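# Structural description and commentary
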Amino acid sequence: MTAGAGRGESARFAAAHTLPALMRGFVNARPRPVRGHAGPGRPRWSAATLRALRERHGGAPVLVRGLTGTVLLILDPQDIRQFYAEPVGSPVRPAAGTGDCAHAGLPAERRSVDDAVLAAGLTVHPSCGAFLSVLADEARHLTAGGSLELARVRHSVARAARRIVLGDAAAEDTELGRRLGRSHDRAGARIAAYADLAEPHTLIGRARRHAEPFRGPGGPDPGGPDSGGPDLVGQVRQWLAAFDLVPGVLLRTLLLLGAHPAEQDAVAAEARAAGLAQGSAQGELPRLRACVRESLRLYPAVPDLIRITRAETAWRGVRHPAGTCVVLPVLFHQRDPEHVPAAHVFVPGRWASREADLDVRMAPFSHAGGRCPGEQLGLLITAALCAEVLRGHRVRPVRPLLDPLGPLPATLDPQGIRLRLTRR
């Protein structure tokens, strides 16, 4: 049966879970009072609240009144598969910092172009060689000093993003992000100018080629929302926004490797071997990719996923009307010690088997219709940047200092991470 939370439980859920999730959405403007609600203790407090709800209600989905209305909360792993079976896309906008990949809400034609451009499902992207050259070039800025902090990583990743998405001509356009936030027409003109110069391997170059089937003879150029082809302005926004997540994931992964020197040595050896390899083997880096996945398990970019049911739906025999908001607290499930071995410990080896990628409890890139088509490209880029750093340098944490044997902290704010680099 589906349980209903009492007023006290709903209040605790709103304070411990919903409010911090909302606050995480304001990552670019977090005044000091906000940080108190999104601080280091909150996710652990939230996990305790969710575990108490699960224990009290026997694991059944729980209706909870949050700050934004009533939601159906999925607390037991046996209900997760049904959650992913629900259609993706909803008539309402989810709270900031929640929801699936934006790709899931695109029309079918645009999704097919996005899948082709990002090479969804392919371990190594067709443009791997060109992308690795860009990343190696930009990584020189990462390793030029003796330390790594968020500002330096953001600068290098942003340059790499512009070159991979729009081509080398956009490398120095640091104002591009602000331009994309203005009118669609002006942003479209700017992107069209780069598209005319873009190398074939870039994402926008690939998008223009794959969009050709959606253009009729003499039809509109595929660059606007009503052109029948992909909205290149919107897609460029999405691709560049996805790169915004890379600095935090990169720093957390390197920090975790810094706290585990044996694993760091193993992935550094893999990076050196890949540097001597030819073809697609350069971008495979399976052990480093496992480290990135494990970093995302411990510190997911999206801590909650949401579905809005489109029809009356039964959950454990109890029917709920269409329009029910169903919430899957991904962070909670990925670090649930009752169902995940060594839940609070860095164990990249758990990703060695192919079955691990199908485990619905683990959702670094979601599952089913909401799965991110850029998953493999994102892993390639992040792992390749790690490889560029580790190939010639040893990483040592300056702050924070992690206990490799004890439970890892509930959150790792990348703004607080500083790493020291020494030559190998």
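Quick caveat: nothing in here was measured; it's all calculated off a predicted structure.

Let's shift gears to the packing of aromatic side chains. Inspection of every chain in the model, using the stated rule, returns one aromatic pair. An angle of 80° between the planes, with centres 5.4 Å apart, marks the rings of Phe83 and Tyr84 as edge-to-face. Across this residue pair, the class does not change: Phe83 and Tyr84 are buried. When the ring centre of Tyr299 is taken as origin, the NZ or CZ atom of Arg335, which lies over that ring, is 5.3 Å away.

With that out of the way, let us pick up the nonpolar core. Residues Leu148, Leu166, Leu203, Leu254 and Leu288 are the most contacted members of the largest nonpolar core, which totals 71 residues. In terms of residues, this core owes the most to one element, helix H17 (residues 375-392), which gives 10 residues. Once you skip the residues sitting within four places of it in the chain, Leu203 turns out to touch Val117, Leu118, His125, Phe131, Ile164, Val165, Trp239 and Leu377. With 13 residues, the next largest nonpolar core counts Ala47, Leu50, Val62 and Leu75 among its residues.

Right, let's talk about the pattern of salt bridges for a bit. On inspection of all chains with the given rule, the structure shows 26 salt bridges. For Glu294, the salt bridge goes to Arg297, with nearest N and O atoms at 2.9 Å. With Glu294 and Arg297 both in helix H15 (residues 286-298) and three residues apart, the pair spans about one turn of that helix. Judged on exposure class, the residue Glu294 and its partner Arg297 are both buried. Through salt bridges with shared partners, a single network forms among Asp137, Glu138, Arg140, Arg159, Arg163, Asp168 and Glu172.

So, on to the layout of surface pockets. Of the pockets and cavities examined, the second largest pocket occupies roughly 500 Å³. Around the second largest pocket, the lining comprises 17 residues; the ones closest to its centre are Pro286, Arg293, Trp351, Ala352 and Ser353. The set of elements that each furnish at least two residues to the lining of the second largest pocket consists of H15 and H17. Per-element accounting of the lining of the second largest pocket gives the leading share, five residues, to H15. Residue composition of the lining of the second largest pocket, grouped by class: six nonpolar, four polar and seven charged.

In spatial order, the strands read E4-E10-E9; together these three strands make up an open sheet with antiparallel pairing. Looking along the sheet, the strands with just one partner apiece sit at the ends: strand E4 (147-148) and strand E9 (393-399). Of the pairings in the sheet, the one linking E9 to strand E10 (residues 418-423) comprises six bridges and is antiparallel in character. Bridging across to E10, Arg399 finds its partner in Arg418. Packed onto the sheet, helix H12 (residues 246-258) meets E4, E9 and E10 and runs at close to 95° relative to E9.

Let us look at the confidence of the model for the chain. Close inspection of predicted coordinates is inappropriate for parts of the model with low pLDDT. In the predicted model, the chain carries a mean pLDDT of 82, and the fraction of residues at 70 or more is 78%. The secondary structure element of the chain with the lowest average pLDDT is helix H2 (residues 32-37), at 35, and the one with the highest is H12, at 98. Segment residues 22-41: pLDDT under 50, and 18 contacts once partners within four positions in sequence are set aside and those in other chains are kept. The low-confidence segment residues 214-228, where pLDDT is below 50, has 30 contacts with residues more than four positions distant or belonging to other chains.

Looking now at the packing of helix H6 (residues 128-142) against H17. Packing of H6 against H17 brings their axes to within 9 Å, and their N-to-C directions diverge by 45°. The pairing of H6 with H17 is recorded here as oblique in orientation. Helix-helix and strand crossings are classified by hand; for H6 and H17 the assignment is right-handed. Seen from H6, the contacting residues are Cys128, Phe131, Leu132, Leu135, Ala136, Ala139 and Leu142; seen from H17, they are Leu377, Leu380, Ile381, Ala384, Leu385, Glu388 and Val389. In terms of residue class, the contact of H6 with H17 is built from 13 nonpolar, no polar and one charged.

Cis geometry is found at the peptide bond from Arg399 to Pro400, where omega equals -10°. One can find Pro400 in the loop between E9 and E10. Even without being glycine, Leu285 reaches a positive phi, approximately 40°. When you line up the elements, Leu285 lands in the loop between helix H14 (281-284) and H15. Judged by relative accessible area, Leu285 falls into the buried class, the value being 3%. Residues other than glycine seldom take positive phi values, yet Ala342 does so here, at roughly 50°. Along the chain, Ala342 turns up in the loop between helix H16 (330-334) and H17.

The residue Asp413 is located in the loop between E9 and E10 in this model. Distance from Asp413 to Leu251, taken between C-alpha atoms, is 9.6 Å for residues 162 residues apart in sequence. Within the structure, the side chain of Asp413 is placed 3.0 Å from the backbone nitrogen of Gln415, a separation counted as a polar contact.

This paragraph deals with empty space enclosed by the protein. Inspection of the entire model under this criterion finds one cavity of 30 Å³ or more. Its volume calculated, the largest cavity comes out at about 40 Å³. Along its surface, the largest cavity is lined by Arg293, Trp351, Ala356, Asp357, Met362, Ala363, Pro364, Phe365, Ser366, His367, Arg371 and Glu375. Looking at side-chain class alone, the lining of the largest cavity contains six nonpolar, two polar and four charged residues.

Basis of the calculations
Residues numbered from 1 in each chain as written. Predicted model: local features only at pLDDT ≥ 70, side-chain atom pairs only at ≥ 80, totals over all residues. Heavy atoms only, no water. Phe/Tyr/Trp six-rings, centres within 6.5 Å; stacked < 30°, edge-to-face > 60°. Buried < 20%, exposed > 50% of the residue type's maximum accessible area, 1.4 Å probe, protein only. Lys NZ or Arg CZ within 6 Å of the ring centre and 35° of its normal. Core = buried A, V, L, I, M, F, W, Y, C linked by side-chain atoms within 4.5 Å. Helix = DSSP H or I, 4+ residues; strand = E, 2+ residues; numbered from the N terminus. Contact = heavy atoms within 4.5 Å. Salt bridge = Lys/Arg side-chain N within 4 Å of Asp/Glu carboxyl O. 1 Å grid on protein atoms, 1.4 Å probe; cavity = no way out; pocket = protein on both sides within 12 Å on 5 of 7 lines; lining within 4 Å. Points joined across faces, edges and corners; volume = space filled by probe spheres on them. Nonpolar A, V, L, I, M, F, W, Y, C, P; charged D, E, K, R; others polar. Pairing = 2+ DSSP bridges. Axes fitted to C-alpha atoms, helices over the stretch in contact; angles between N-to-C directions. pLDDT = per-residue confidence, 0-100. Parallel < 35°, antiparallel > 145°, perpendicular 65-115°, else oblique. Left-handed = near helix turned anticlockwise from the far one by under 90°. Polar contact = N/O pair within 3.5 Å; in protein donor to acceptor, adjacent residues only side chain to side chain.

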